[in-house]
Amino acid sequence: MTYRDASNLYLRLMNYQTLIISGLLSLILMESNAQFVEYQETAGIHHFSRHQALMGGGAAFFDFDQDGDDDLYLTAGQDTDHFYINQGDGTFLRDTTAGFALTDEYYTTGVIAGDIDNDGFRDLFVTTWGNTNLEFAKNLLFHNEGDGTFREIWTHEEPEDLAFAMGATFLDYNLDGLLDIYVINYVERPEFVYDEDDNVIGFNHDCFSNTFYKNIGGGQFLRYTDETGLGDTGCALAVTASDYDNDNLPDIYIANDFGPFIQPNKLYRNKISGSFQNVSVSTKANVAMYGMGISIGDYDKDLDLDYYVTNFGRNVLLQNQDGVTFEDVTASAGIEDTWSLQDSLMAIGWGTAFFDADNDTDLDLYISNGYVPSPPFLPSQISQNDRFYLNNDDGTFSDATSAWGITNTFVSRGMAYSDIDNDGDLDVMSVVLNVPPALGTWETHLYQNTTDDLKNWTQLSLAGVTVNRDAFGSKIYLYAGGQILIREVSGGASHASHHSSRIHFGLDTLSRIDSIRIIWTGNKRVQTIHDPPINQILHITEDTLISSTEDISRWYEVIIYPVPASRELRFGSASGNLRIQQALLMDMQGRQRVMVKGTDLTSLQLPELEDGTFVLMLVTVEGIHYKKLVIHQSR
């Protein structure tokens, strides 16, 4: 029996009418103060994913034509995928001539967007589960020709490449400036565990190995799974590349389905030597669950990235413990989302994201929920609402699903966000399947964020020069009002989807940003922007005049004299003359406290400072170098 056969058997056994009624009884009505408003009709988006065994359904927001607004690609399963061009006002026009007619022959499941050849135009990688001729077929890589059209160029069609692909992520694993691709694969041969009464009580599926492709330039890729050690066989449904340990290298986290029976989630640490190390157990990231989606973000503002993983039943929030281990804090945070009908029928989470919906500086959380066939020991229902939580800025969240107008009780899968109308707040899309068949009114939901404009914000669009053009893997630190906020540019996450790559910060009532510090992919350069404007979209190109940001503690001796009569930082080096041309001391909010320019500087006179941590920047003929200092001055 194939996976399709097994899933379709479950569907035939389910009583749709009963499940629909129970779902409608629990439908949550939108309150009058809703901040999200259904917008798909107004936006001109008419879509659902025509499912095969209820799998797949992804979205990618990306600016395909460099006009400053996000366009949209939606996988459609057994139908032709949808490509929508943003008209500049938050409405979209479907383009059927851009080169995606080929997708009508494939069952498409997920999509990510990235510039594989650094030509300034973002390309699309679409994962598949077979085509009209093959049960398992190749994936699709659509090269953006820069003239409004795409051309399919993926050449990997060997047996090792043909699988039940459920998603992918872009990353530059070896920091050569080219985007590599990691593809996650699902069930190859289904097998169930039965009790003596022939009831299903578990799973024993064989799953395809995931596949890694190394970008060698010119639109060409090498299968590099064995070399990288990334051939995980855990029935994956979601993946992301993210720097969990703050070493500025992209690591990989995988959400595996059937974790209690087959393999748990996996975390692979980038060793930069060309391979990855499985650190799932040592970091406590090896959660055994029905992993389906991943969101990444610093929800607790402690300057490391936390993971939220969706599940059949209780979701899991993994709080990052300084890049060493993770701790499950889901219950205390209040975001388990276990039930669609309390203590009776489980919720099933898929696409998900951390993002600042109300522009108050902290990250909120969205979850796309949707039914999937299941045995009796995993009870659920077809009709279940998506979920939205507001961050309380104290490590906890409040359920704002109803208050914010989320009423999507269709069967959802992928989820992605974007500021589609460039008004400074983030809008949300939840991809819907054509389930149940008798309903006939399925529609992928687009929620326009109608939050008032009393709160400030800023957005950044990054363009790499020596790093990959999309700047995937770069981190942005924003210093304002005594706070430090962090974001990371992602090459794909959620479930089968890709959020907008434009970085968004809500500023609440803050009227000024002290500075923005960009650590470009791999820590090759650090670029600081002082006093940037607010309530604008900033387009920032990597400054190639800035050299390596190697920590100056490796070769500088910094001497601090705390005596008030001689407050001084003196610079010295065993290698001799440092040839320092500028010295700048900043506090942790990015504010300049003292700066001096000259030729062959050897010291910096300090003003009277409060005790605390500061950043010293030295500009030499070789480049710009940084050092964090803890200063304590005698009074």
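What you are looking at is a predicted structure, and each value in this text was computed from that prediction instead of being measured.

As for the side chain of K138
Here's step 1: Relative to the elements of secondary structure, K138 occurs in the loop between strand 7 (123-131) and strand 8 (140-144).
Here's step 2: When sequence neighbours within four positions are dropped, the list of residues in contact with K138 reads Y106, T128, E152, W154, H156, E157 and L162.

Concerning a nonpolar patch on the surface
Here's step 1: The grouping of V193, I201, F261 and F377 at the surface amounts to a nonpolar patch, some 290 Å² of accessible area in total.
Here's step 2: Looking at where F261 falls in the secondary structure, it is placed in the loop between strand 19 (251-256) and strand 20 (266-270).
Here's step 3: Since its relative accessible area comes to 33%, F261 is described here as partly exposed.

Observations regarding the packing of aromatic side chains
Here's step 1: Counted according to the given criterion, the structure contains 43 aromatic pairs.
Here's step 2: Centroid distance F355 to F388: 6.4 Å. Interplanar angle 35°. Geometry classified as tilted. With F355 in strand 28 (residues 349-355) and F388 in strand 30 (residues 387-391), this residue pair connects regions lying 33 residues apart in the sequence. The same class applies to F355 and to F388, which are both buried.
Here's step 3: Above the ring of W350, the side-chain terminus of R413 is found at 4.0 Å from the ring centroid.
Here's step 4: In this structure, R517 packs its charged tip against the face of Y477, placed 4.9 Å from the ring centre.

Some details on the sheet that holds strand 2 (residues 59-62)
Here's step 1: Taken in spatial order, the 4 strands make up an open sheet running 2-3-4-5, and their pairing is antiparallel. Only two strands of the sheet have a single partner each, and these edge strands are strand 2 and strand 5 (92-94). Strand-to-strand twist across the sheet, computed as the mean angle between neighbouring axes with direction ignored, equals 20°.
Here's step 2: Note that strand 2 and strand 3 (residues 71-74) share 4 bridges and pair antiparallel. If you follow A60 over to strand 3, its bridge partner there is Y73.

Considerations on the nonpolar core
The nonpolar side chains of a soluble globular protein tend to be buried, and buried together.
Here's step 1: Of all hydrophobic cores here, the largest spans 33 residues; its most connected members are F125, I181, L460, L462 and I476.
Here's step 2: Of all the elements in the fold, those that place two or more residues in this core are strand 10 (165-171), strand 11 (180-185), strand 35 (456-463), strand 36 (475-480), strand 38 (503-508), strand 39 (515-519) and strand 41 (537-541).
Here's step 3: In this structure, F192, C207, M292 and L378 belong to the second largest nonpolar core, which totals 27 residues.

Quick look at the sheet that holds strand 24 (residues 316-321)
Here's step 1: In space, the 4 strands of this open sheet follow the order 22-23-24-25, with antiparallel pairing throughout. This sheet does not close on itself; its edge strands, each paired only once, are strand 22 (293-297) and strand 25 (325-328). The sheet shows a mean angle of 25° between the axes of neighbouring strands, taken without regard to direction.
Here's step 2: Pairing of strand 24 with strand 25 involves 4 bridges; the strand directions are antiparallel. Note on strand 25: the bridge partner recorded for N320 is F326.

Things to note about the pairing of strand 29 (residues 364-369)
For a regular strand, side chains alternate in direction, first toward one face of the sheet and then toward the other.
Here's step 1: When you tally the buried positions in strand 29, you get 6 out of 6 residues, the bulk of the element.
Here's step 2: Residues D364, Y366 and S368 line one face of strand 29 and the alternating positions L365, I367 and N369 line the opposite face, and both faces are buried.
Here's step 3: As paired strands, strand 28 and strand 29 are joined by 5 bridges and run antiparallel to one another. In the sheet register, A353 faces strand 29, and the bridge partner there is Y366.
Here's step 4: Where strand 29 lies against strand 30, 3 bridges are found, and the strand directions are antiparallel. Counterpart to Y366 in the pairing with strand 30 is F388.

Here is what the cut-offs are and how they apply
Residues numbered from 1 in each chain as written. Predicted model: local features only at pLDDT ≥ 70, side-chain atom pairs only at ≥ 80, totals over all residues. Heavy atoms only, no water. Helix = DSSP H or I, 4+ residues; strand = E, 2+ residues; numbered from the N terminus. Contact = heavy atoms within 4.5 Å. Patch = residues over 30% accessible without salt bridge, like charges linked within 9 Å, V, L, I, M, F, W, Y side chains within 5 Å. Areas by Shrake-Rupley, 256 points an atom, 1.4 Å probe, with all protein chains shown as cover. Salt bridge = Lys/Arg side-chain N within 4 Å of Asp/Glu carboxyl O. Buried < 20%, exposed > 50% of the residue type's maximum accessible area, 1.4 Å probe, protein only. Phe/Tyr/Trp six-rings, centres within 6.5 Å; stacked < 30°, edge-to-face > 60°. Lys NZ or Arg CZ within 6 Å of the ring centre and 35° of its normal. Pairing = 2+ DSSP bridges. Axes fitted to C-alpha atoms, helices over the stretch in contact; angles between N-to-C directions. Core = buried A, V, L, I, M, F, W, Y, C linked by side-chain atoms within 4.5 Å.

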